[in-house]
Amino acid sequence: MASNAELTSQPVVALSGLRSGERAVITEVGGDPSIRHRMHLLGFTRGREVSLVRRAPFNGPMVFRVCDAEMCLREAQARLVSVRRLDLAADQSAA
Amino acid sequence: MTAQPIASGSGGAALAERQPRIALIGSPNGGKTSIFNGLTGLHAKTGNYPGVTVSRTYGMCQIKGANYNIEDLPGCYSLTPISPDEQVVADLLGGNVRGIESPDGLLVVADSTALRRGLLLLAEVLQKQIPTAVVLTMADELRRRGGSIDQQALSRALGIPVVTVVANRGIGIGELRHLIADWRNWSVPPIDPPQDPNELAGWVDSVLDSAGYQVPVPDERTLRIDKVLLHPVYGSIIFFAVMFVFFQALFTWAAPLQDAITNLLAMLGDWVSSVVTNSILSGLIVNGVLGGVGTVLTFIPQIVLMFLLLALLDSVGYMSRAAFLMDKVMSKAGLEGRAFVAVLSSFACAIPGVMATRTIPSSKDRIATMLGVPLGTCSARLPVYLLLVGMLVPSDATLGPVSVQGIVMFLLYLLGGVSAMMAAWVVKKITDRSGNLMPFYMEMPPYRLPRPKSVLLAMWEPTKAYLRKAGTIILAASVIIWALTAIPGRSPQELEAAGVDPTDSVAVTSYTMENSIAGHIGKAIEPVFEPLGFDWRVNIALVGSLVAREVSVSTLGQLAAASDPEDNSQVAQSISQWTYTEGPHQGEKVFTAPTIVALMLFFAFALQCMSTLAVMRRETNTWKWPAIAFGYMFVLAWVAGFIGHTIMSLFS
């Protein structure tokens, strides 16, 4: 489950750049130490899979699926997380 | 703390006598509240942690004859604080909170459908080296969604006891109570999970593997419902419909109950007046005490209804969806989506609005919202607005197809809404000077059927808190304000000497009020309100409005000796004939357009409602914030009234 990073060759993008339904793997969590720690405890750690469930209109908050639950973040927080989109081929093997 | 099989928290004297303290820790939507309710039932209390605006929920649980102190810590995802609210939890666990000992045992309540995240918090708890046990919740949902876990294997992997509870079917509560009674045998956790987040993720995975954890599939029902409820078009429509119903409940549905209460107390009052001959005593009982009780009770239907709806919407899971849809708009005022309900409530009445701020996690946001909410055009302002608009604008004046009176009322509503949001924005700016921007995150839990017991308890507890703390303040204030307008009482000789017929109760009331303490206050504060065009009689009405804004209308009526002070048109007729009795404008009409506009604007912005102040005191546990609210809104009201008066004078 951790280390799916090898399964994808996509470039690193911000979590806020995902489109609805897209799955990705987290490569890094940025921001100051207290924010980073909070994101980790919400389930956003390197190697974890994350997907964008939906996005509110007019650049509102975004709902992500991570660690088997749905968590809503504002764009500013989502921008701090770097991800690689999962290749379609890797989709089949990811749990 | 050194690792020992039995630990007693700080200050462990007389173990046998002191009640063991167990704290519940867990994420906000993980079923922790149901567990707490299941253990404490009606024996729960709320208050505040000392010195902060963070609410504290705790209660007593009796197991096999022994009493246990159960503390329901605020829902959290981490024990490492990023806000003052969370700092309190961290302090409490470290035994650093004045007057509250640290817990003897920690019960981690974990949602079994979200264990991969739940174990992260558990890892932080294990590092505290306090005896810990785990309660797994939502086990029925886990099974329904194709997941499973071996409870014993999990317990072995963690080295601490694990029980499973299905709260809505009462399964496992007995086992949990046994576990609590056995708290001395909860070992201090033998395992120290890794601190590095990546290693920690690996640790969580390996623990779940050895516990045979089967991940549940995403909840089909939730996905289907969210497709509609969070659809940009349909979702918004449904959202407005839900909010409309919510608002109607507070604005309209509560009214019959409120009327019933008022009528009942009026009948009681009539009976008391007929029995008690001393007019001062009967006045005290009927107008002061019963009037005060009436004021306290009239808010109950709105509070109960609001918390019923909030509890239903929240436990079903819709509140986070509503907050998701409103977050963008609320962020313009420096707030977040969850503040919307509080602002909406304030259009019915500020009291449920202030209490609704409990749904907002951040205490800074709560205060900012609380200080802005009283500006919302509440229903108590309506009688005053109707009276003044009726005097300002002829009822047949139209602008095209729309009546001008209607336009002015609409503008007043708009003014309330906009100024409430702006005030919250300003307060947030001021209190956020440290620039420490809190990250926004909010869980979207699966839709779940609400538990009737939890919903009822969620309604009961705030009502109890309101009655006990706010209710006493409101009652006391009612008696005092009544006294200001009715004392000193006048004997028939005094009345006749002043040319007032002692049998004409309308004239007697008018005379007594004019020469009461409030009358003296009204004359004394004339210089303050003179630039707004108010004379001393309007000032008496302002004193009366402290009880409730609509009282100012009947006070004006009583002063003007109108035969029916409850009839707007009669009151309007009487008071429009008033002329200034002294001063530079002696002889001129009081209620000119500038004065009317100034009074309207004053009522729009001033926080006269001492019931609101009482509830603010209850919710923030201090007089500081109600005082600030009263102060800033008074200044705002005065300035607005002055500007209104000045501008309208230019037109006259």
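Higher on the page you've got the structure.
Residues numbered from 1 in each chain as written. Chains lettered and ligands numbered in written order. Predicted model: local features only at pLDDT ≥ 70, side-chain atom pairs only at ≥ 80, totals over all residues. Heavy atoms only, no water.

Some details on helix H11 (residues 300-316) of chain B
Residues and elements named next belong to chain B.
Here is step 1 of the chain: With 17 residues, H11 should cover 24 Å at 1.5 Å per step; its first-to-last C-alpha distance of 24 Å lies within 8% of that length.
Here is step 2 of the chain: Three or more residues of H11 are buried, namely Ile300, Pro301, Gln302, Ile303, Leu305, Met306, Phe307, Leu309, Leu310, Ala311 and Leu313.
Here is step 3 of the chain: Phi turns positive one or two residues past the end of H11, at Gly317, with a value near 115°. (Helix = DSSP H or I, 4+ residues; strand = E, 2+ residues; numbered from the N terminus. Expected span 1.5 Å × (residues − 1). Buried < 20%, exposed > 50% of the residue type's maximum accessible area, 1.4 Å probe, protein only.)

What about the sheet that holds strand E10 (residues 441-443) of chain B?
Here is step 1 of the chain: Taken in spatial order, the 7 strands line up as E1(A)-E6(A)-E2(A)-E3(A)-E4(A)-E5(A)-E10(B) in an open sheet, and their pairing is antiparallel. The sheet is open, and its two edges are formed by strand E1 (12-14) of chain A together with E10 of chain B, each paired on a single side. Averaged over neighbouring strand pairs, the angle between their axes works out to 40° when direction is ignored.
Here is step 2 of the chain: Where strand E3 (residues 49-55) of chain A lies against strand E4 (residues 62-66) of chain A, 5 bridges are found, and the strand directions are antiparallel. Looking at the pairing, Ser51(A) lines up with Arg65(A) of E4(A).
Here is step 3 of the chain: The strands touched by helix H1 (residues 33-41) of chain A within the sheet are strand E2 (23-29), strand E5 (69-73) and strand E6 (81-85) of chain A together with E10 of chain B, with E2(A) carrying the most contacts at an inclination of about 145°. (Pairing = 2+ DSSP bridges. Axes fitted to C-alpha atoms, helices over the stretch in contact; angles between N-to-C directions. Contact = heavy atoms within 4.5 Å.)

Quick look at helix H5 (residues 151-158) of chain B
Residue and element names in this part refer to chain B.
Here is step 1 of the chain: Buried residues of H5: Gln151, Ala153, Leu154, Ser155 and Leu158, and no others.
Here is step 2 of the chain: Summarising the contacts, the buried residues of H5 are in contact with helix H3 (115-126), strand E6 (132-137), strand E7 (162-164), helix H6 (173-181) and helix H7 (197-210).
Here is step 3 of the chain: Its side-chain oxygen 3.1 Å from the backbone nitrogen of Gln152, Asp150 forms the N-cap of H5.
Here is step 4 of the chain: Phi turns positive one or two residues past the end of H5, at Gly159, with a value near 80°. (Polar contact = N/O pair within 3.5 Å; in protein donor to acceptor, adjacent residues only side chain to side chain.)

So, the interface of chain A and chain B
Here is step 1 of the chain: Taken together, the contacts link 32 residues of chain A with 38 residues of chain B.
Here is step 2 of the chain: Counting the surface lost from both chain A and chain B, the interface buries some 3100 Å², and carbon and sulfur atoms represent 60% of this.
Here is step 3 of the chain: Where chain A packs against chain B, one counts 4 salt bridges.
Here is step 4 of the chain: Where chain A packs against chain B, one counts 13 residue pairs in polar contact (both at pLDDT 80 or more).
Here is step 5 of the chain: Where the side of chain A that touches chain B is concerned, the elements lending two or more residues are H1, E3, E4 and E5 of chain A.
Here is step 6 of the chain: In terms of residue count, H1(A) provides more of the side of chain A that touches chain B than any other element does, 6 residues in total.
Here is step 7 of the chain: In terms of residue class, the side of chain A that touches chain B is made up of 15 nonpolar, 8 polar and 9 charged.
Here is step 8 of the chain: One ladder, built from 3 bridges, connects E5(A) with E10(B); its direction is antiparallel. In the sheet register, Cys72(A) faces E10(B), and the bridge partner there is Met442(B). (Buried area = accessible area lost by both parts, 1.4 Å probe. Salt bridge = Lys/Arg side-chain N within 4 Å of Asp/Glu carboxyl O. Nonpolar A, V, L, I, M, F, W, Y, C, P; charged D, E, K, R; others polar.)

What to know about the packing of aromatic side chains
Residue and element names in this part refer to chain A.
Here is step 1 of the chain: Overall, the coordinates contain 12 aromatic pairs over all chains when judged by the stated rule.
Here is step 2 of the chain: Pairing Phe44 with Phe64 gives two aromatic rings, centres 6.3 Å apart and planes at 90°, and the pair type is edge-to-face. Of this pair, Phe44 sits in the loop between H1 and E3 while Phe64 sits in strand E4; the two residues are 20 residues apart in sequence, bridging distant segments of the chain. Each member of the pair, Phe44 as well as Phe64, carries the same accessibility label: buried. (Phe/Tyr/Trp six-rings, centres within 6.5 Å; stacked < 30°, edge-to-face > 60°.)

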